[in-house]
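# Examining the three-dimensional arrangement
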Amino acid sequence: MQIPFVSKLQGGKLVAVFDVGSGSVGAAIAELRGARPVLIHSSFRVALPHEERSQEQLASAIAQATQESATKLAERHAKSGVSKKEISECLVVVHAPWVRSQTHATKALLKEEAEVIEDMIIQLSQKALTEGENALGDIFEQSVVRVELNGYPTSLPLNKKAKSLGVVILQSEVTDNMIRRVTDGISKIFPGAFFTFRSSTLVDSALMRRRSPGHSHFTIADVTSEATAITVVCEGVVVVQKVVPVGYRTVVRSVAQKKGTPDSDVHSRIRMLTTETCSTDDCHSLQASLDGVGTHFTETFGTVFAEINKTKKLPNTLVVRSHPDLKQWFSKFFARLDFAQFTETTQPFEVGAISSGAAAEYVLFSPGNTLDAGIATSCAFLYTGRNDPVGNLMT
């Protein structure tokens, strides 16, 4: 069981970080520096070529890309001369469609006011998992994401006195043997390394709570290449998550099929549109095609939002993370009036974006490295600075 206020991360340690999506793998060497931002010495992202793949083929391709990323990372580290320290730890953050998360919560009234110790929280956490309905399979993550003393949340509960104690546990499963596939590949490059696997659900919600501790009510749309995880967070706690089988490459493929051109060509033109370096008639036609496929995918996402609405209305604040070339498209897509019926206020989503800048307070990229949102948020998870309102969630 991982508990948020016990961290074994120490300043000066080097960690290999991998951000595993469904069409790419981000990689970085991160140096922990205590109260100072995590320093990223080397970072890059390896993307799979555009092509149709079955789920099994995609899983195998991602596993291979992870091993290639580890090889490239080790080579860069050896040549950099930044540090002669060996990489002995690896943090792997896994996104949809490889993960699915749920939460369990329970409370206990103590016989009398008592000082809270670690064993009390662990025992109550185990009770929450036992009592809760478990719809998951291959579980790889069980973390305490909230502790309440006398009904109030706190990130520093140890040694405080309370009459009642409450906990919320985030539990995540992994599919397609992704843990084994990734571990086998990275271990060939970093033999003997200690692995920590975390879901993007945990990492993203932790970053949002850090950035806006007073605003703990929001929806997260984590758009990967082939899927989107929709996560509803209320009072800082994940309450429901659904995975939609639509990612940014799904959008690209749909436009490519409509125009009868290769996926890679459409993606290149979308990039030109994003950077405003395209003004031909063909580019204007592409913009019209993008608008058109949005209508098609509205029904797909609407069905999932309606499913969530059976138990919970979606918070109006929605933060989206996507490939930078499609970030603007997805931001506009989620702001559609069609989705207003599913929100708490029946008003359209107020859409923001998770970017590398969102983690700027917690990470620092060395010059020449890729400013990648996935890498930034994954590395920000390693931050153990003082007076942190969330605290690191690793042990």
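The paragraphs below set out a description of the structure included in this document. Quantities reported herein were computed from a predicted structural model and do not represent experimental measurements. (Residues numbered from 1 in each chain as written. Predicted model: local features only at pLDDT ≥ 70, side-chain atom pairs only at ≥ 80, totals over all residues. Heavy atoms only, no water.)

### Quick notes on the overall build of the protein
When helices and strands are tallied, the protein shows nine helices and 15 strands. The C-alpha radius of gyration of the protein comes to 21 Å, within 12% of the 21 Å expected for a compact globule of 395 residues. Taking the principal axes of its C-alpha atoms as reference, the protein extends roughly 75 × 55 × 35 Å. Each of the 395 residues in the protein was classed as buried or not, and the buried ones make up 55%. Sequence-distant contacts, at least 24 apart, represent 72% of the contacts inside the protein between residues at least 6 apart. With an accessible surface of roughly 17,200 Å², the protein has 49% of that area assigned to carbon and sulfur atoms. Averaging the coordinates of the 41 positive side-chain charges in the protein and doing the same for the 41 negative ones gives two points 4 Å apart. (Helix = DSSP H or I, 4+ residues; strand = E, 2+ residues; numbered from the N terminus. Rg over C-alpha atoms; globule rule 2.2 N^0.38 Å. Buried < 20%, exposed > 50% of the residue type's maximum accessible area, 1.4 Å probe, protein only. Contact = heavy atoms within 4.5 Å. Areas by Shrake-Rupley, 256 points an atom, 1.4 Å probe, with all protein chains shown as cover. Lys, Arg positive; Asp, Glu negative; His and termini not counted. Charge placed at Lys NZ, Arg CZ, Asp CG, Glu CD.)

### Some points on the side chain of N309
For N309, the position within the fold is in helix α7 (residues 281-309). Engagement of the side chain of N309 in a polar contact is seen with the backbone oxygen of K312, the distance being 3.1 Å. Ignoring any residue separated from it by four or fewer positions in sequence, one finds N309 in contact with L314, Q341 and F342. (Polar contact = N/O pair within 3.5 Å; in protein donor to acceptor, adjacent residues only side chain to side chain.)

### Side note on the pairing of strand β3 (residues 36-47)
Note: strand β2 (residues 24-33) against β3, nine bridges, orientation antiparallel. Within β3, the residue paired with G26 across the bridge is R45. Hairpin geometry of β2 and β3 is characterised by an intervening segment of two residues between the two adjacent antiparallel strands and by a positive phi of about 65° at G34. As paired strands, β3 and strand β15 (residues 363-365) are joined by three bridges and run parallel to one another. The residue of β15 that forms the bridge with I40 is F365. (Pairing = 2+ DSSP bridges.)

### What about the pattern of salt bridges?
Taken as a whole and judged by the stated rule, the model has 20 salt bridges. Across the pair R45 and D19 runs a salt bridge, and its minimum N-O distance is 2.9 Å. With R45 in strand β3 and D19 in strand β1 (residues 14-20), this pair connects stretches of sequence that are 26 residues apart. The residue D291 makes a salt bridge to K332 at a minimum N-O spacing of 3.9 Å. Note that D291 is positioned in helix α7 and K332 in helix α8 (residues 324-334), a separation of 41 residues in sequence. For D291, a relative accessible area of 35% translates into the label partly exposed. Counted as one network, the salt bridges with shared partners bring together K107, R146, E148 and E235. (Salt bridge = Lys/Arg side-chain N within 4 Å of Asp/Glu carboxyl O.)

### Some remarks on the sheet that holds strand β6 (residues 139-149)
Pairing within the open sheet is antiparallel, and its four strands lie in the order β5-β8-β6-β7. With partners counted over all chains shown, the strands left at the sheet margins are β5 (99-115) and β7 (152-153), one partner each. With 13 bridges connecting them, β5 and strand β8 (residues 161-174) associate as antiparallel partners. Note on β8: the bridge partner recorded for Q102 is Q171. Where helix α2 (residues 118-131) meets the sheet, it contacts β5, β6 and β8, and its direction lies at approximately 50° from that of β8. (Axes fitted to C-alpha atoms, helices over the stretch in contact; angles between N-to-C directions.)

### Some points on unusual backbone geometry
Here A96 and P97 are connected by a cis peptide whose omega angle stands at 10°. Counting through the fold element by element, P97 comes out in the loop between β4 (89-94) and β5. Although it is not a glycine, N150 sits at a positive phi angle of roughly 55°. Its location among the elements puts N150 in the loop between β6 and β7. Relative accessible area serves as the criterion here: at 37%, N150 is assigned to the partly exposed category. Positive phi is not limited to glycine here, since T346 has a value of about 55°. By the element assignment, T346 lies in the loop between α8 and β14 (350-353).

### Thoughts on the state of the cysteines
Tallying each qualifying case throughout the model produces zero disulfides. With no disulfide of its own, C90 lies 12 Å from the sulfur of C379, the closest cysteine sulfur. Owing to a relative accessible area of 2%, C90 belongs among the buried residues under this scheme. (Disulfide = S-S within 2.5 Å.)

### Looking at α7
An ideal rise of 1.5 Å per residue puts 42 Å on 29 residues; α7 measures up with 42 Å between its terminal C-alpha atoms. A maximum bend of about 30° is found in α7 at H296. (Expected span 1.5 Å × (residues − 1). Bend = angle between axes of the 7 residues up to and from the residue.)

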